Amino acid sequence: MKIKGTQLFVKALIEEGVDTLFAYPGGMAIDLFDALYGETDFRVVLPRHEQGLVHAADGYARATGKTGVCLVTSGPGATNLVTGIATANYDSVPLVCFTGQVPTNLIGNDAFQEVDIVGICRSICKYAVTVRHREDLGRIIKEAFYVARTGKPGPVIVDLPKDIQQALGSDEYPSEVSMRGYKPSSGVHMGQLKKAAAMLETAKRPLFLVGGGVNISNAGAEMTMLAEKLRIPVVSTVMGKGALPSDHPMYIGNMGMHGNIASNVAVTECDLLFSIGTRFNDRITGKLSEFAKDAKIVHIDIDAASISRNIVVDVPIVADAKEAIGKLLEIVTEPKRSGEWLERLQALKKEKPIQIVSKAPLTPQDIIQEINEIFPEVIVSTDVGQNQMWTTQFIQLKGKSRLLTSGGLGTMGYGLPAAIGAKLGRPDMPVVCISGDGGFQMNEQELATAVCEELPVIICILNNSYLGNVRQWQEMFYGNRYSCTCLRKRVSCAKWCSSPEGKCPPYIPDFIKLAQSYGIEGIRVTKREEMRDAFMRAKKNTKMPTLIEFIIDSKEEILPMVPGGNALSEMVTEVKKEEK
């Protein structure tokens, strides 16, 4: 039977089990949207901006473990996806992004709204392809889903010219994939794994370092069992947080640039660093020559290209985290070593916890600890900046809880749309977005999406009137020269301002009035005593989002901190301001 390309597109989504499509229409995608009209096999969600759209698909994928799917038109519709595609690529999130394109006979002629989105995205995605022939359409879509979710997951772009959408062709959709040149890693090299297991048994100060790969492979339960069996402490990257319950005795905490003291000491002093599912990027290694310099290093990762790229390792193992940990559990034996190493790290964690010492009526620690108390299991999305780091320091992840955050690219504007995608994918879970006042404004229009989809996400804006992370650097290293970080600054203000305590104009926008303009409840919280009531009111809004603005001190810092280029042992625990 002959059907249009657009009809095969819809059939393909159904065959792939898609239940949610994030889509924004336009001229070169209008035929696809016509085919979607009245579709009941899956939900079509209309965000308010393509960047919000792709972040929502990303949040959906991270929250559910499924592939996020989005559809936009050509030209600016496609280019508005670029930041979200790069975000997903850095964090290994499976996405399939469909873009409309001008007819094949116009490609290369600078036609209206024509861009080479495949060329633009080639370096920031896992795979990108333009469909040139109608008979290839079904095969290419099938391959796109396969590539996105196998091996090291990542975003795939499928560019669909308008004439391919309209052309008649076979209604068959492939049931299997056979791609020459793409063979994702499978299995575990048992020789290497046994070598690593032997090192675990003989090490005196072993340490597990878990990254995002452990969460991506859903290996948290296995990782917890392995740590308990071997009585080996565990530290995590930001992306690895939640692999073990935050209150587990084996879990020491996050390490790296804003990690806790005990975790960074553990990495510095261990004699065996057994790392699983991490890229060893600069935010966790600090000065490369000083990173775990007295340790042997084992590295398990699904991506062979990530092994020994930044840190040269002694035992490389290319494997899926879940499969490798499962095999390790079968071959390792309980250790005979003393518990002195673990006990020392546990004592250090208790002795020197991360805490905000402040006389302010409300601190970020207060807010996040209140979230911990009210929501024992929760999906938390963050924006980027101080709000992100405070969340990773203080949020307690247990049970089904998940943290969604832009780790590799550090994308402001991620938090709200990711929360929307997460709530669409996991309506059974409470979803809380923690954002800064700067990052929130980058995609605040997605409040309309949350309203129209009737999603009870809770949006927490930590308002310090500044782009706080950069402001902190300006205090520490740039003599309090607050260049373009004060969000109250107006053209009538003094040309030079070095004081966040100055007589500043009112903040714009008024977030409470903004919430009201979207028809939702907005609550402003200025002190600890008001937090519980605000969250209780938010929980009662079961079909609408709630916005809570928390007014925090503009001078609040994110500490401890390892300045760029320094060793992990050179943590800064207080801000020493550079002279003006």
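Residues numbered from 1 in each chain as written. Predicted model: local features only at pLDDT ≥ 70, side-chain atom pairs only at ≥ 80, totals over all residues. Heavy atoms only, no water.

J.: Just to check I follow, could you spell out the overall build of the chain for this structure?
T.: When helices and strands are counted, the chain shows 23 helices and 20 strands. Over its C-alpha atoms the chain spans a radius of gyration of 25 Å, differing by no more than 12% from the 25 Å that the globule rule assigns to 580 residues. With the C-alpha coordinates aligned to their principal axes, the bounding extent of the chain is approximately 70 × 70 × 45 Å. Looking at the chain residue by residue over its 580 residues, the buried ones come to 58%. For the chain, the share of sequence-separated contacts (at least 6 apart) that also reach a separation of at least 24 residues comes to 76%. Taken as a whole, the chain presents about 24200 Å² of accessible surface, with 50% of it coming from carbon and sulfur. In the chain, 65 side chains carry a positive charge and 66 a negative one; their mean positions are 3 Å apart. (Helix = DSSP H or I, 4+ residues; strand = E, 2+ residues; numbered from the N terminus. Rg over C-alpha atoms; globule rule 2.2 N^0.38 Å. Buried < 20%, exposed > 50% of the residue type's maximum accessible area, 1.4 Å probe, protein only. Contact = heavy atoms within 4.5 Å. Areas by Shrake-Rupley, 256 points an atom, 1.4 Å probe, with all protein chains shown as cover. Lys, Arg positive; Asp, Glu negative; His and termini not counted. Charge placed at Lys NZ, Arg CZ, Asp CG, Glu CD.)

J.: Just checking my understanding: could you explain the sheet that holds strand β7 (residues 155-161) for this structure?
T.: In a beta sheet, neighbouring strands are held together by backbone hydrogen bonds and run either parallel or antiparallel to one another. Read from one edge to the other, the open sheet built from 6 strands follows the order β3-β2-β4-β5-β7-β6, with strand pairing classed as parallel. In the strand order of this sheet, the two ends are held by β3 (43-45) and β6 (127-130), each with one partner. Taken pair by pair, the neighbouring strands of this sheet meet at an average axis angle of 20°, ignoring direction. Relative to strand β5 (residues 95-101), strand β4 (residues 68-72) runs parallel, the two being bridged by 5 bridges. By the bridge assignment, Cys 70 is partnered in β5 with Cys 97. (Pairing = 2+ DSSP bridges. Axes fitted to C-alpha atoms, helices over the stretch in contact; angles between N-to-C directions.)

J.: Please clarify how the nonpolar core should be interpreted in this entry.
T.: Soluble globular proteins tend to bury their nonpolar side chains together. Ranked by size, the top nonpolar core spans 52 residues in total, and within it Phe 22 and Phe 440 carry the most contacts. In terms of residue count, the dominant contributor to this core is helix α3 (residues 50-64) (7 residues). Leaving out residues up to four positions away in the same chain, Phe 22 has contacts with Val 45, Leu 53, Ala 56, Ala 57, Tyr 60, Val 69, Cys 70, Leu 71, Gly 421 and Leu 424. Formed by 36 residues, the second largest nonpolar core is a distinct cluster that contains Ala 196, Ile 232, Phe 274 and Val 332. (Core = buried A, V, L, I, M, F, W, Y, C linked by side-chain atoms within 4.5 Å.)

J.: Hey, could you run me through the pairing of strand β15 (residues 379-382) in this one?
T.: Consecutive side chains of a regular strand alternate in pointing toward one face of the sheet and then the other. Here β15 shows no split at all, with Ile 379 and Ser 381 on one side and Val 380 and Thr 382 on the other all buried. Here 3 bridges tie β15 to strand β16 (residues 402-404), and the two strands are oriented parallel to one another. Across the sheet, the residue bridging to Ser 381 is Leu 404, located in β16. Crossover handedness for the path β15 to helix α17 (residues 386-394) to β16: right-handed. Of the pairings in the sheet, the one linking β15 to strand β17 (residues 431-436) comprises 4 bridges and is parallel in character. Along β17, the bridge assignment pairs Ile 379 with Val 431. (Right-handed = clockwise from strand over helix to strand, strands pointing away.)

J.: What is the right way to read the packing of aromatic side chains from this model?
T.: Ring pairs (aromatic) are described by centroid distance and by the angle formed between their planes. Applying the stated criterion to the full structure yields 11 aromatic pairs. Seen in terms of ring centroids, Phe 22 and Tyr 60 are 6.1 Å apart; in terms of plane orientation they differ by 65°. Their pairing is edge-to-face. On the criterion of sequence distance, the pair formed by Phe 22 in strand β2 (residues 20-23) and Tyr 60 in helix α3 is long-range, its members being 38 residues apart. The same class applies to Phe 22 and to Tyr 60, which are both buried. Taken together, a centroid distance of 5.7 Å and an interplanar angle of 70° make the contact between Tyr 466 and Tyr 482 edge-to-face. In this pair, Tyr 466 is assigned in the loop between β18 (458-463) and α21 (468-477) and Tyr 482 in the loop between α21 and α22 (511-517), connecting sequence segments 16 residues apart. The burial state of Tyr 466 is the same as that of Tyr 482; both residues are buried. (Phe/Tyr/Trp six-rings, centres within 6.5 Å; stacked < 30°, edge-to-face > 60°.)

J.: Which parts of the structure should I look at to understand the pairing of strand β20 (residues 546-551)?
T.: A large share of β20 lies buried, amounting to 5 of its 6 residues. Taken together, the 6 bridges between β18 and β20 define a ladder with parallel strand orientation. Looking across to β20, one finds that Asn 463 is bridged to Ile 551. Bridging between strand β19 (residues 521-525) and β20 involves 5 bridges; their strand directions are parallel. Its bridge partner being in β20, Val 525 is matched across the sheet by Phe 550. Between the parallel elements β19 and β20, the chain passes through helix α23 (residues 531-540) in a crossover that is right-handed.

J.: I keep staring at helix α15 (residues 340-351) and nothing clicks. Help me out?
T.: Three- or four-residue spacings in an α-helix give side chains the same orientation, since the helix completes a turn every 3.6 residues. In this model α15 runs 16 Å from its N-terminal to its C-terminal C-alpha over 12 residues, within 8% of the 16 Å that 1.5 Å per residue would give. Among the residues making up α15, those that are buried are Trp 341, Leu 342, Leu 345 and Leu 348. Seen along its axis, α15 keeps its buried residues to an arc of 130°; they face one direction. Residues Glu 340, Glu 343, Lys 350 and Glu 351 are exposed on α15 and point more than 90 degrees away from its buried face. Packing partners of the buried residues in α15 comprise β9 (206-210), β11 (251-254) and α12 (261-269). (Expected span 1.5 Å × (residues − 1). Arc of directions from axis to C-beta.)

J.: When you look at the pattern of salt bridges in this model, what are you seeing that I'm missing?
T.: Should their charged atoms come close, side chains of opposite charge can pair. Scanning the model with the defined rule gives 25 salt bridges in all. Where Arg 139 meets Asp 136, a salt bridge forms, and the shortest distance between an N and an O atom there is 3.5 Å. As a salt-bridge pair, Lys 398 and Asp 247 come within 3.5 Å of each other at their nearest N and O atoms. With Lys 398 in the loop between α17 and β16 and Asp 247 in the loop between β10 (234-236) and β11, the pair connects residues that are 151 residues apart, well separated along the chain. Classification of Lys 398 as partly exposed rests on a relative accessible area of 35%. A relative accessible area of 48% means that Asp 247 is categorised as partly exposed. Through salt bridges with shared partners, one network takes in Glu 16, Lys 142 and Arg 149. (Salt bridge = Lys/Arg side-chain N within 4 Å of Asp/Glu carboxyl O.)

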